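Spelled out from the first residue to the last, the chains are:
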Amino acid sequence: MSRKSTHMSRLYAPKSWRINRKETKWVTNTMPGTHKKDLSIPLVVAVRDNLKLVSTKRELNYLINNKLILLNNKAVNNSKIAAGLFDVVAFPNVKKYYRVVLDKNGKFMLIEISDKESNLILLKVTRKVAAKGKKIILTLSNGYNINFDKKVSVNDTVVFDTSSGKIKNVLSYKKGEMVYFIRGKRAGNTAEYQEKTELGLFKKTYIAKLKLNKEVIDSDIKNIMSIGNGKEIKVE
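The structure reproduced in this document is the subject of the present report. (Residues numbered from 1 in each chain as written. Predicted model: local features only at pLDDT ≥ 70, side-chain atom pairs only at ≥ 80, totals over all residues. Heavy atoms only, no water.)

## Section: the packing of aromatic side chains
- Under the counting rule described, the total for this entry stands at 4 aromatic pairs.
- Pairing Phe91 with Tyr98 gives two aromatic rings, centres 6.2 Å apart and planes at 80°, and the pair type is edge-to-face.
- According to the relative accessible area criterion, Phe91 is buried, its value standing at 6%.
- Pairing Tyr173 with Tyr193 gives two aromatic rings, centres 5.4 Å apart and planes at 45°, and the pair type is tilted. Within this pair, whereas Tyr173 is found in the loop between β14 (166-171) and β15 (178-181), its partner Tyr193 is found in strand β16 (residues 190-199), the two being separated by 20 residues in sequence. The pair Tyr173 / Tyr193 is uniform in exposure class, with both members buried.
- Positioned above the aromatic ring of Tyr206 is the side chain of Lys196, whose terminal nitrogen or guanidinium carbon lies 5.0 Å from the ring centre. (Phe/Tyr/Trp six-rings, centres within 6.5 Å; stacked < 30°, edge-to-face > 60°. Buried < 20%, exposed > 50% of the residue type's maximum accessible area, 1.4 Å probe, protein only. Helix = DSSP H or I, 4+ residues; strand = E, 2+ residues; numbered from the N terminus. Lys NZ or Arg CZ within 6 Å of the ring centre and 35° of its normal.)

## Observations regarding the pattern of salt bridges
- Counted by the stated rule, this structure contains 6 salt bridges.
- Between Lys209 and Asp218 there is a salt bridge whose closest N-O contact spans 3.5 Å.
- For Lys209, a relative accessible area of 29% translates into the label partly exposed. (Salt bridge = Lys/Arg side-chain N within 4 Å of Asp/Glu carboxyl O.)

## Thoughts on the sheet that holds strand β5 (residues 74-75)
- Read across the sheet, 5 strands follow the order β5-β4-β7-β8-β9 without closing on themselves; strand pairing throughout is antiparallel. Strand pairing shows two members of the sheet lacking a second neighbour, β5 and β9 (108-113), which therefore form its edges.
- Pairing analysis gives 2 bridges linking strand β4 (residues 70-71) to strand β7 (residues 88-91), with the strands arranged antiparallel. Paired with Leu70 across the bridge in β7 is Ala90. (Pairing = 2+ DSSP bridges.)

## Examining unusual backbone geometry
- Its identity as a non-glycine residue notwithstanding, Lys52 has a phi of 60°, on the positive side.
- Note on placement: Lys52 falls in the loop between α2 (43-51) and α3 (57-65).
- At Asn213, a position not held by glycine, the phi torsion is positive, near 60°.
- Following the sequence through the fold, Asn213 ends up in the loop between β17 (205-212) and β18 (215-220).

## Considerations on the sheet that holds strand β19 (residues 224-226)
- On the basis of which strands lie adjacent, the open sheet formed by 5 strands has the order β18-β17-β16-β15-β19 and antiparallel pairing. Unpaired on one side and paired on the other, β18 and β19 mark the two borders of the sheet. Taking each pair of neighbouring strands and ignoring which way they run, the sheet shows an average axis angle of 45°.
- Inspection of the sheet shows β16 paired to β17 by 7 bridges, in the antiparallel sense. Bridge assignment links Lys196 to a residue of β17, and that residue is Ala208. (Axes fitted to C-alpha atoms, helices over the stretch in contact; angles between N-to-C directions.)

## As for the pairing of β18
- The pairing of β17 with β18 spans 6 bridges and is classified as antiparallel. Bridge pairing in β18 links Lys211 to Val216.

## Notes on the nonpolar core
- Ile69, Val89, Leu122 and Tyr180 are the most contacted members of the largest nonpolar core, which has 59 residues in total.
- At 6 residues, α2 tops the list of elements feeding residues into this core.
- With 11 residues, the next largest nonpolar core counts Val179, Leu210, Leu212 and Ile217 among its residues. (Core = buried A, V, L, I, M, F, W, Y, C linked by side-chain atoms within 4.5 Å.)

No statement about biological role is implied by the geometric values presented.
Structure, rendered in structure tokens:
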């Protein structure tokens, strides 16, 4: 495998990656996977460059080889694996848990969370199809396909329990509750949801009306995620 496939120029890395772009020429690229590149960061960049818990990739590989680091409750086997937005990076032997979020400037950062919350991640419903027995199959933003039998809509957020592999709660868009910008110029900021407008006849687009501070703005619903009252899951 060529260096260019496993690495990229730091100058051309996604703007959401918090890295020193003039330190060296190359930075690790994410492995191909279910996470979109603009909504994920390589584990090595998250732990070495952001958390600064290791100084080198070799130190991280030691943690990986000794199963001392988990991503969403699963042992990691490659430092290039993508840690997606709202994923949880855990160091259970020292009882440290971190959630991948965006700062107010749209750059990835990791915030420390409690052990109790470390099993929970936020995922967006990207597809919904009918299945037998009045059940539905949901496709989630990290590629998971989950059977579900409760009310849920495409673009809703689900609170997914990685320890049980089940959906714990559904966060729909409700007036007065909070949304989180996942991309665009406001990425990492939160706003209060007001209402939704449907545009288009064949290919529908949904525009959300939001209250950001004292300003009322519109946003494509693809750029936001519902986070309920903003207190169930720590995202900032």
